[in-house]
Structure formats: C-alpha cells, structure tokens
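Coordinate inspection notes
Residues per chain are reported as follows:
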Amino acid sequence: MNDWLKWHLAPEAGPKRILALDGGGVRGLITLGILQRIEDQLKQRSPNPESFRLCQYFDLIAGTSTGSIIATGLALGWSVAEVRKIYDALAPQIFEVQAKGVLKPIFGTAPIEKGLKSVLKDRELQSPDLQTFLMVCAKRIDTGSPWVLTNNPRSLYWDNTDGSFKPNKLYELWRVVRASTAAPLYFEPLEVVINDDPRWPKEVGLFLDGAVAGLNNPSWQAMLTATLPPYGFGWPAGAGNIFVVSIGTGWWRMRNKVTDFQSKMYAQQAGESLAAMVQDTSLHAMMSFQAMCEPRKPRYLNGEIKTLKGQSIIGGGGLVSYQRYDADIDENALRKLSGMGSLDATALDQLMEKMRALGTTDADIMRAHYALGYDVGTVRNPGIDGIEAEDFPAQFDPPFMRPA
C-alpha cells in the first residue's frame with residue numbers, strides 16, 4: 001500500500017469518512033454537481049486548497065454503476081471538474097441508442113468498454129495510483145452473489161497461494177467498473193474470467209449492474225463493509241467514529257396509470273418494475289440510516305413517515321454519523337434553475353421526462369443535470385437545505401485540515 005492508503009486504513013488515524021455514490025446513468029452529472037459543492041466547501045479547510053481532492057478527505061469511496069465511474073475517478077485523485085470533463089466527453093458515445101431494449105440492449109457494449117479503457121488504462125484494483133479505498137458493487141448473476149470489490153489487501157479474496165481463483169487485486173479497474181454498469185435492458189452482461197489456472201476447472205462469471213443486488217444506493221453496504229470484520233477494514237462504528245455521506249442521481253416518485261402500465265409489453269413492464277424496485281431499495285437504505293442515525297438534514301421518505309428527525313431508535317447519537325444529498329427532479333426544483341422559470345407546463349413536463357431518463361445526452365439536458373445537482377448546494381434555509389460547513393462536523397476533519 002502507498003502511504004495514503006496506509007493512513008486511510010489505520011483505525012488509530014482517527015474517525016473515518018465514507019462517500020457513497022448511487023447509480024443512475026448520465027444522471028451521474030447530478031451527483032457531480034453536488035460533489036462540486038462539497039469539494040468547494042471542504043477545500044476551504046485545507047491548507048492547500050488548490051491541490052485539495054476528495055480522496056484526501058474520504059477514507060472509502062463507494063459507487064454503483066455510474067457512481068462506480070465517479071468513485072473510481074475520485075479515488076484516483078481526480079478533481080470533480082476532471083471527472084465531469086470525462087463525463088461530458090464519453091457520455092454521448094456510451095449512451096448512443098442501438099435498440100429498444102426488447103431483443104437487444106438499448107446501448108452498445110463497445111463504446112462503454114472503449115471509453116472506460118481510455119481513461120482507466122491497464123490499472124488493476126491493486127494500482128498504487130489509487131489514493132484512497134475504493135468499493136464497487138456488482139451482481140454475479142450465475143452464482144446469485146452480490147460482489148463488493150475493494151482495494152483493501154486485508155479482504156478475503158485479495159490474494160491466494162494455490163491458484164484456485166483469480167485474486168481480486170488482479171482485476172482490471174475498467175472491467176470492475178464495467179461489471180457494475182451492466183444494467184439489464186441497457187447494457188449487455190459482462191463475462192469475467194474467475195479462474196484460468198490449468199490446475200483448476202476453468203470458471204467464468206457473468207456480471208450485472210450492482211443495482212440488481214439491491215445496491216444502487218451503496219451507502220448501507222459501504223457502512224457494513226467498513227465495520228464488519230470479515231471485510232477487512234474493521235473500523236469501529238459510532239456517531240463519533242464514522243461519517244457517511246450518501247449522494248443520489250435525482251429523485252422523483254415513480255407513478256404509473258393503471259391502464260398505461262397494463263397496455264405495455266411484458267418486457268416494458270419488467271423494465272419499469274425493475275426501476276421501481278431499484279428506487280425502493282434506495283429508499284430502504286435512506287430509511288435505515290435515518291432510523292439508526294441523526295442526519296442534520298434528513299431527506300423526506302414518504303407520506304406516512306415524512307422524515308425520522310429526532311426519532312432514531314439507537315441512543316448515544318446513532319450507529320454512525322450520516323448525511324444524504326440528492327436533487328428532486330420535479331417542477332419546483334427545475335423552476336429554480338436559470339432560464340427555466342418561464343417554461344410552460346408542457347415544456348416543463350417534456351424536460352422532466354428527458355432528465356429522468358438514464359441516457360439522455362442532449363448537451364442542454366446534460367448541463368441541466370449538472371446545474372440541478374449544483375443547486376442542491378444552495379442554502380435558502382440555513383440548517384434545512386443546501387450544503388453548509390456545519391454539515392461536515394469538524395471532529396471528522398483529517399489532521400492536515402485541522403488548525404495547528
């Protein structure tokens with residue numbers, strides 16, 4: 001491990017900070033808008049703000065699907081602006097429609113693999129270029145196993161001595177990310193060689209998007225990975241020991257008219273049902289954290305619960321410290337953006353439909369995604385919305401960010 005990784009891993013280095021990034025296709029630009037606000041906020045505490053990177057603050061950066069792309073870039077020490085530049089360049093190629101998603105995936109395989117290889121090169125999970133710990137979520141569908149891959153040398157499958165399986169450390173980063181992004185209907189599943197040692201039976205795994213494992217919002221799994229001893233981190237839980245920051249890719253309540261849903265082909269119904277399931281698993285993660293923690297700014301959960309502010313079922317401050325940020329893709333949020341306040345109802349509905357899709361790469365829509373995420377950081381009601389310095393308790397600042 002390089003010196004940065006040794007420091008991030010060591011429990012004695014102090015409280016730990018986790019960043020978890022949702023999946024959501026090109027809506028990852030919403031995530032990047034939010035992340036830019038966080039980077040801007042945290043760099044103000046750094047003695048070297050121009051060289052500050054989120055990998056210096058967060059000890060573990062987790063991601064699923066599009067979140068895994070962003071997480072990998074941040075873990076490699078890239079700034080948010082650098083990751084956004086890559087997104088802007090690659091998204092139109094990756095999300096070029098080839099089919100309707102019934103008999104073939106909507107998007108082709110070659111563009112996303114070429115794009116990932118072009119930026120991640122031949123780096124492996126053991127790459128010394130990784131400046132902090134990375135966690136990527138995928139689903140191995142042939143064995144029915146969720147795969148949670150990290151670059152932690154203490155993890156169970158990091159290495160082996162008998163050649164019975166390919167050790168995690170040798171997996172190429174681009175392939176790990178590609179496995180996490182293999183969303184059903186959108187991209188082809190990815191075959192990965194698990195073992196090709198002639199001493200053992202050859203084994204090939206088939207991987208799908210981590211959302212299929214219920215991990216589109218990887219925050220809860222990231223907390224478990226950091227704290228449960230079998231994963232190799234072994235960081236102590238507690239509101240003063242771990243701070244989890246979870247970021248979404250846009251939120252709205254998925255609704256369907258009964259007759260419209262019933263009139264669709266079964267493949268379309270299955271696709272929409274899967275999307276609804278993904279949203280529900282994300283909501284479950286948020287509800288679990290609110291039940292176990294005390295976020296400063298809890299997000300709205302549903303009409304029955306609202307939020308669980310002040311209703312944590314664990315005393316002593318909670319299981320960990322936690323904060324969730326996301327953008328609402330609805331009329332109220334969009335009308336706050338520059339140039340959209342004057343749109344009529346029909347134009348606004350069309351805009352919302354495009355922004356809620358996974359693969360809309362129109363340049364104006366991509367800019368709107370980023371602007372919507374960036375607007376999440378705007379403080380209109382202190383202590384209630386926006387991204388404020390108080391959202392990031394000083395007790396979690398790394399030593400290099402603390403006053404002498």
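Before reading further, recall that the structure is shown in the block above.
For the structure given in this document, a descriptive report is provided here. (Residues numbered from 1 in each chain as written. Predicted model: local features only at pLDDT ≥ 70, side-chain atom pairs only at ≥ 80, totals over all residues. Heavy atoms only, no water.)

**So, the overall build of the protein chain**
- Check the secondary structure of the protein chain and you find 13 helices and eight strands.
- Whereas a compact globule of 404 residues would reach a radius of gyration of roughly 22 Å, the protein chain reaches 21 Å, a difference of no more than 12%.
- Along the first, second and third principal axes, the C-alpha atoms of the protein chain reach 65 × 55 × 40 Å.
- Accessible surface, the protein chain as shown: approximately 18000 Å² in total, 54% of it carbon and sulfur.
- A distance of 1 Å separates the average location of the 42 positive side-chain charges in the protein chain from that of its 44 negative side-chain charges. (Helix = DSSP H or I, 4+ residues; strand = E, 2+ residues; numbered from the N terminus. Rg over C-alpha atoms; globule rule 2.2 N^0.38 Å. Areas by Shrake-Rupley, 256 points an atom, 1.4 Å probe, with all protein chains shown as cover. Lys, Arg positive; Asp, Glu negative; His and termini not counted. Charge placed at Lys NZ, Arg CZ, Asp CG, Glu CD.)

**What to know about the pairing of strand β1 (residues 16–21)**
- Across the six residues of β1, six count as buried, placing the element largely inside the fold.
- Residues K16, I18 and A20 of β1 are buried on one face, and the alternating residues R17, L19 and L21, pointing to the opposite face, are buried as well.
- Of the pairings in the sheet, the one linking β1 to strand β7 (residues 242–247) comprises six bridges and is parallel in character. Within the sheet, the bridge partner assigned to L19 lies in β7 and is V245.
- Pairing of β1 with strand β2 (residues 60–64) involves four bridges; the strand directions are parallel. Following the sheet pairing, L19 is matched in β2 by I61. (Buried < 20%, exposed > 50% of the residue type's maximum accessible area, 1.4 Å probe, protein only. Pairing = 2+ DSSP bridges.)

**What to know about the side chain of R17**
- Structurally, the position occupied by R17 is in strand β1.
- For R17, a relative accessible area of 2% translates into the label buried.
- At 2.4 Å, the side chain of R17 forms a polar contact with the backbone oxygen of Y57.
- Residue contacts for R17: discarding those within four places in its chain leaves W7, Y57, F58, D59, L60, F243, F396, D397 and P398. (Polar contact = N/O pair within 3.5 Å; in protein donor to acceptor, adjacent residues only side chain to side chain. Contact = heavy atoms within 4.5 Å.)

**Topic: unusual backbone geometry**
- With a phi angle near 55°, S65 is a residue other than glycine that sits in the positive phi range.
- If you trace the backbone, S65 turns up in the loop between β2 and α4 (66–75).
- Residues other than glycine seldom take positive phi values, yet L185 does so here, at roughly 80°.
- Among the residues examined, L185 registers a relative accessible area of 34% and is labelled partly exposed.

**Concerning a nonpolar patch on the surface**
- Residues V102, L103 and M265 make up a contiguous nonpolar surface patch of about 350 Å² in total accessible area.
- Mapped onto the elements of the fold, L103 is located in the loop between α5 (80–94) and α6 (109–120).
- A relative accessible area of 85% means that L103 is categorised as exposed. (Patch = residues over 30% accessible without salt bridge, like charges linked within 9 Å, V, L, I, M, F, W, Y side chains within 5 Å. Salt bridge = Lys/Arg side-chain N within 4 Å of Asp/Glu carboxyl O.)

**Digging into the nonpolar core**
- Grouped together as the largest cluster of nonpolar side chains are 77 residues, with contacts concentrated most on L35, I38 and L74.
- Per-element accounting of this core gives the leading share, seven residues, to helix α2 (residues 28–43).
- Within the second largest apolar cluster, 27 residues are counted, among which are I18, M286, L308 and V320. (Core = buried A, V, L, I, M, F, W, Y, C linked by side-chain atoms within 4.5 Å.)

**A short note on the packing of aromatic side chains**
- Here the structure, examined in full by the defined rule, presents 19 aromatic pairs.
- Centroid distance W147 to F207: 4.8 Å. Interplanar angle 80°. Geometry classified as edge-to-face. Within this pair, whereas W147 is found in strand β4 (residues 145–150), its partner F207 is found in strand β6 (residues 203–209), the two being separated by 60 residues in sequence. In terms of burial, W147 and F207 fall into one category: buried. (Phe/Tyr/Trp six-rings, centres within 6.5 Å; stacked < 30°, edge-to-face > 60°.)

**Here we look at the packing of α2 against α5**
- Viewed as axis vectors pointing N to C, α2 and α5 meet at an angle of 165°, and their least axial separation amounts to 9 Å. As summarised for this structure, α2 and α5 are arranged roughly antiparallel, according to the angle between their axes. Note that α2 runs across α5; the crossing there is left-handed. Contact residues: α2 offers G28, L29, L32, L35, Q36 and E39, while α5 offers V80, A81, V83, R84, Y87 and D88.
- A class-by-class count of the residues in the contact of α2 with α5 yields seven nonpolar, two polar and three charged. (Axes fitted to C-alpha atoms, helices over the stretch in contact; angles between N-to-C directions. Parallel < 35°, antiparallel > 145°, perpendicular 65-115°, else oblique. Left-handed = near helix turned anticlockwise from the far one by under 90°. Nonpolar A, V, L, I, M, F, W, Y, C, P; charged D, E, K, R; others polar.)

**Thoughts on α6**
- An ideal rise of 1.5 Å per residue puts 16 Å on twelve residues; α6 measures up with 17 Å between its terminal C-alpha atoms.
- Here α6 has its buried residues at T109, I112, E113, G115, L116 and L120. For α6, the angular spread of buried residues about the axis comes to 160°, placing them on one side. What points out from α6, more than 90 degrees from its buried face, is the exposed set A110 and K114.
- On its buried face, α6 is in contact with α4, α5, α7 (173–180) and β5 (190–195).
- Downstream of α6 by one or two residues, K121 has phi in the positive range, about 55°. (Expected span 1.5 Å × (residues − 1). Arc of directions from axis to C-beta.)

**With respect to the pattern of salt bridges**
- Here the structure, examined in full by the defined rule, presents 21 salt bridges.
- Close ionic contact of D59 with R17 constitutes a salt bridge, the shortest N to O distance being 3.0 Å. Residue D59 is found in the loop between α3 (54–57) and β2, and its partner R17 is found in strand β1; the two are separated by 42 residues along the sequence. As far as burial versus exposure is concerned, D59 and R17 are alike and both buried.
- Here R324 and D326 are joined by a salt bridge, their closest N and O atoms 3.4 Å apart. Each member of the pair, R324 together with D326, is buried.

**Focus: the pairing of β4**
- Here strand β3 (residues 133–140) runs beside β4; their pairing, made up of six bridges, is antiparallel. In the sheet register, R140 faces β4, and the bridge partner there is S145.

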